[in-house]
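Architecture at a glance
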Amino acid sequence: MKIEQGVKEKNKDWEFLGFRKELKAPLVLVFGNRYALESPNILQEIKTLYPDGHIVFGSTSGEILESKVYDESIVLTAIEFEKSTYKVVSENMVSHAMNAEKLGSSLIDKLPQENLKHLFIVSEGTNVNGSGLIKGLEANLQAGVSISGGLCGDDARFERTLASNNENPKEGEVVCIAFYGSDLEVSCSNFGGWTGFGPKRTITKSKNNILYELDGKPALDLYKLYLGDKANDLPEAALLYPLSVHKPDSKEEIVRTILNIDETNNTVILAGDVPIGSKVQLMMSTVDDIAEGAAVAGTYAMRDRKTAPELALLVSCVGRKLVLDQRTEEEVEEVISTVGDETQIMGFYSYGELAPFAGQKECKLHNQTMTLTLFSE
């Protein structure tokens, strides 16, 4: 595996880490600020750098490269696989009438599954039901294939997100990168570091990712009651106080971020499904807890690996970034301390993270976690 990395900060030229390499047909991952990716020349700009590269774009709420976290920038990692192969496919939410499950199934239909090892998803982040997307992906996926990735971000604006597959970035796009080969080792994990507080309430009315009622009362009214004056800053304020969701049929609790609110219908729109009967509780965290959670995620990802990772793709939640504030890089440093400083690091801050729980294969949508995907050949 040959890897080249670079960053383009606002109003600056591209700066590459180390000497430029001659890469053959690389997979080029480009994560950047939404405004930067709206440049009409961005695809041609990257194509000039990698004429035979396959380019995947995703907008972010912050960019990660090595031990640094950037804002209003673009980072890229170009990868030449020496023993493995990859294939990239994409679909748009509009063409599937915003049905994420149907879209996920359509992506799998485009992929050969022989020797398929892993799927990495770069998805639009403001209108997708991440749980439905995973359900569609897994419906016809052969056993043993893992899934990870993230929902694109737009800082804390929640206006629109962009992604694309060998095109200029656009809204509604979901990109699936399939990795093949017996020589490829992939491991992934996630962990949060958030603590519940306040009473636990029961979801009494919901539909998919729309939360209507808790304990028979309007969910938005209750949520505003707990937030007090901070309710005036919704939906951004919700990033600091996500919901813990314990589904009736699950041992694990998942964390759900509020993507938007509907004042007219008095509802809360979350990043993934929240089934009726689930117990929910508000959550909060501290800088130290979040940094420690990142270290735990790294430890889980390294567990049982046969080879040292060459590349780590990090997807962390924008809510964690808001809590960490000036200490954001601490969680990246914690990851590096567990995966090793020889591993090349890239990633982004997201509106949702896709990964299995530790020791499991089935993918879940998470919020407010640090998610790692480690690659080596």
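What this report covers is the structure whose coordinates are included nearby. (Residues numbered from 1 in each chain as written. Predicted model: local features only at pLDDT ≥ 70, side-chain atom pairs only at ≥ 80, totals over all residues. Heavy atoms only, no water.)

1. Some remarks on empty space enclosed by the protein
Inspection of the entire model under this criterion finds one cavity of 30 Å³ or more. Empty space within the largest cavity amounts to approximately 150 Å³. Lining the largest cavity we find 15 residues, and of these Arg201, Leu214, Tyr226, Leu243 and Leu282 sit closest to its centre. Where the lining of the largest cavity is concerned, the elements lending two or more residues are strand S14 (195-207), strand S15 (210-214), helix H5 (219-227) and strand S21 (279-284). Its residues assigned to classes, the lining of the largest cavity shows twelve nonpolar, two polar and one charged. (1 Å grid on protein atoms, 1.4 Å probe; cavity = no way out; pocket = protein on both sides within 12 Å on 5 of 7 lines; lining within 4 Å. Points joined across faces, edges and corners; volume = space filled by probe spheres on them. Helix = DSSP H or I, 4+ residues; strand = E, 2+ residues; numbered from the N terminus. Nonpolar A, V, L, I, M, F, W, Y, C, P; charged D, E, K, R; others polar.)

2. A look at unusual backbone geometry
Phi is positive for Glu66, which is not a glycine, with a value near 55 degrees. Note on Glu66: relative accessible area 24%, which makes it partly exposed. Phi is positive for Asn166, which is not a glycine, with a value near 60 degrees. Along the chain, Asn166 falls in the loop between strand S11 (163-165) and strand S12 (173-180). Residue classification places Asn166 among the partly exposed positions, given a relative accessible area of 28%. (Buried < 20%, exposed > 50% of the residue type's maximum accessible area, 1.4 Å probe, protein only.)

3. What to know about helix H4 (residues 130-139)
Most of H4 sits inside the fold, with seven of its ten residues counted as buried. Looking only at H4, the buried set comprises Gly130, Ser131, Gly132, Leu133, Ile134, Gly136 and Leu137. For H4, the N-terminal capping position is held by Asn129, with its side-chain oxygen 3.1 Å away from the main-chain nitrogen of Ser131. (Polar contact = N/O pair within 3.5 Å; in protein donor to acceptor, adjacent residues only side chain to side chain.)

4. Quick notes on the pairing of strand S22 (residues 311-317)
With respect to burial, S22 is a largely interior element, seven of its seven residues being buried. Neither face of S22 is open: one carries Leu311, Leu313, Val315 and Cys317, the other Ala312, Leu314 and Ser316, and all of them are buried. The sheet contact formed by S22 and strand S23 (residues 344-350) spans seven bridges and is parallel. For Leu313, the partnering residue across the bridge sits in S23 and is Met346. The pairing of S22 with strand S26 (residues 370-376) spans six bridges and is antiparallel. Bridge pairing in S26 links Leu314 to Leu372. (Pairing = 2+ DSSP bridges.)

5. Notes on the nonpolar core
Within soluble globular proteins, side chains that are nonpolar tend to cluster in buried spots. Counting residues in each nonpolar core, the largest one holds 33 residues, and the members touching the most others are Leu111, Leu119, Ile121 and Leu133. Breaking this core down by element, the ones donating at least two residues are helix H3 (100-109), strand S9 (116-123), H4, strand S10 (146-151), S12 and strand S25 (363-366). With sequence-adjacent residues up to four places away left out, Ile121 is seen in contact with Leu133, Leu137, Ile147, Ser148, Gly149, Gly150, Val174, Val175, Cys176 and Leu354. With 28 residues, the next largest nonpolar core counts Val88, Phe120, Phe179 and Val186 among its residues. (Core = buried A, V, L, I, M, F, W, Y, C linked by side-chain atoms within 4.5 Å. Contact = heavy atoms within 4.5 Å.)

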